[in-house]
Amino acid sequence: MRIQSSLSPSLLFTSALLTSLASASGFDCKDIIADGYKYDLYGLNGVHTIYHVEKTEDYIVNTTYVLNICKTLGKASIRGDLKCGTSKNICGFQYKYTVDGSHETSDAFPIAGLDPLGHGSKDPEVTRLKGDGQEGLLVKLAGGKYVDKDEKKKDARAVIEFQCDPDRSGLEGLASGENESSEEEAAEARRRVVVREDEGDKDGDKDKGDDKEKTDPNDGSDPSRSLQFESFGPADDDTYELKLKWRTRYACDNYVRDRKGNSSNHWGFFTWLIIILFLCVAAYLIFGSWLNYNRYGARGWDLLPHGDTLRDIPYIFQDWLRRVINTLQGSGSRGGYSAV
């Protein structure tokens, strides 16, 4: 399994409209509250793809899943002739081939997101993972449709388990796909099937083939990747469910709180700088006053160092302000002779 990431450009107006509608649908990845804890998953924003290849006796099925949990997919929901819906957050692109390569079909199906015009709701369900050493979030997003093998249209949804991993941003193993076109993606999908088929048909080298599968950069079991495919199929309630696991620091209970604490530490540096400057000025005034008192016997304003200058500051400011006003008024006057 290969994971890619792309930030596809889209029309500004459409993107802004769909983003606002997505926020209104009840799920905002920047502001998630569960059991009194606040989570911010916006660090995972962007279009990411993940694929899974499955081989049966008659067919080889390659399904590419495209997702953006924070914003709608926009143009990323279109791949060649396949269209899923620009208002969706998760789409599947399925390429199905006969084993002998004589026939192939392709289809796109939405898994989670809004209606085609941006209406409706994704029916988000957010559950905090706790106990048994678990820490993270379980997020369910609905709004999709899938046609099963009996040609029946079923509801579809995504279940993403965000697992806390302080050492991961969640983007590990995600390659940039900004420059890849839809045609290139379709060609890559066909190549994946050919590679998997060739590797699976090697005789007398099964163990070696298994080792290649484990080290294959396209293999979804690679533990170095943060985003992992689990399964896609019918659930108990007769809906089709895509299950993913995503390891990231953003799913940790105290990440948002600790980040705010770090920000306050940065502001504390400037606070200490101001305090140090204030103490320096205070020390200068105190030492200067003490020196003037002991050396000259000064009293009152005369105690302050440079007291004459300090007393003259209001008058100096008035003179400066008057000069500025005169300069501005003089620049607007017209020179030369006036008519009699």
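The name given to the protein chain in an unreviewed UniProt entry is Autophagy-related protein 27, with the source organism recorded as Aspergillus turcosus. If you open the UniProt record of the protein chain and go to Sequence similarities (unreviewed entry), you find "Belongs to the ATG27 family."

Caption draft 1: Spotlight on the packing of aromatic side chains. The final tally for this structure, using the stated rule, is eleven aromatic pairs. Judged by centre distance (5.3 Å) and plane angle (90°), the ring pair of Tyr-250 and Tyr-255 falls under edge-to-face. Judged by its relative accessible area of 12%, Tyr-250 falls in the buried class. Among the aromatic residues, those joined into a cluster by ring pairs are Tyr-65, Phe-109, Tyr-146, Phe-229, Phe-232 and Tyr-240. The ring of Phe-93 carries the charged tip of Arg-79 above its face, separated from the ring centre by 5.6 Å. Sitting over the face of the ring of Tyr-59, Lys-96 holds its NZ or CZ atom 4.3 Å from the ring centroid.

Caption draft 2: Inspection of the state of the cysteines at higher detail. This structure, assessed with the given rule, holds three disulfides. Residue pairing for Cys-164: its cysteine sulfur links by disulfide to Cys-252, the two sulfurs lying 2.0 Å apart. Between Cys-164 and Cys-252 the disulfide shows an S-S torsion of about 85°. By sign, it is right-handed. Taken as a pair, Cys-164 in strand E12 (residues 153-164) and Cys-252 in the loop between strand E15 (240-248) and helix H4 (255-296) lie far apart in primary sequence, 88 residues in all. Look at the protein chain and number its bonded cysteines as they come in the sequence; the links are 1-2, 3-4, 5-6.

Caption draft 3: Broad picture of the pairing of E12. Inspection of the sheet shows strand E11 (residues 134-147) paired to E12 by eleven bridges, in the antiparallel sense. Among the inter-strand pairings, Leu-141 is bridged to a residue of E12, identified as Ala-158. What sits between the antiparallel neighbours E11 and E12 is a turn of five residues, in which Glu-151 has the positive phi angle 65°. Two strands pair when backbone bridges link them, and E12 and E15 are joined in this way by nine bridges, in the parallel orientation. Directly across from Ile-160, in E15, lies its bridge partner Leu-244.

Caption draft 4: Up close: the pattern of salt bridges. Under the counting rule described, the total for this entry stands at eleven salt bridges. A salt bridge links Asp-253 to Arg-128; the shortest N-O distance between them is 3.0 Å. Residue Asp-253 is found in the loop between E15 and H4, and its partner Arg-128 is found in strand E10 (residues 125-131); the two are separated by 125 residues along the sequence. Accessibility assignment for this pair places Asp-253 and Arg-128 in one class, buried. Between Asp-165 and Arg-168 there is a salt bridge whose closest N-O contact spans 3.3 Å. Looking at Asp-165, the relative accessible area reads 17%, which means it is buried. Since its relative accessible area comes to 13%, Arg-168 is described here as buried. Residues joined by salt bridges that share partners form a network here, namely Asp-35, Arg-128, Lys-130 and Asp-253.

Caption draft 5: Structural context of the pairing of strand E4 (residues 47-55). Sheet topology note: the E4/strand E5 (residues 59-67) ladder contains eight bridges and is antiparallel. Counterpart to Val-53 in the pairing with E5 is Asn-62. Between the antiparallel neighbours E4 and E5 lie three residues.

Definitions and cut-offs
- Residues numbered from 1 in each chain as written.
- Predicted model: local features only at pLDDT ≥ 70, side-chain atom pairs only at ≥ 80, totals over all residues.
- Heavy atoms only, no water.
- UniProt positions renumbered as here; feature names shortened; annotations may be inferred.
- Phe/Tyr/Trp six-rings, centres within 6.5 Å; stacked < 30°, edge-to-face > 60°.
- Buried < 20%, exposed > 50% of the residue type's maximum accessible area, 1.4 Å probe, protein only.
- Lys NZ or Arg CZ within 6 Å of the ring centre and 35° of its normal.
- Disulfide = S-S within 2.5 Å.
- Helix = DSSP H or I, 4+ residues; strand = E, 2+ residues; numbered from the N terminus.
- Pairing = 2+ DSSP bridges.
- Salt bridge = Lys/Arg side-chain N within 4 Å of Asp/Glu carboxyl O.

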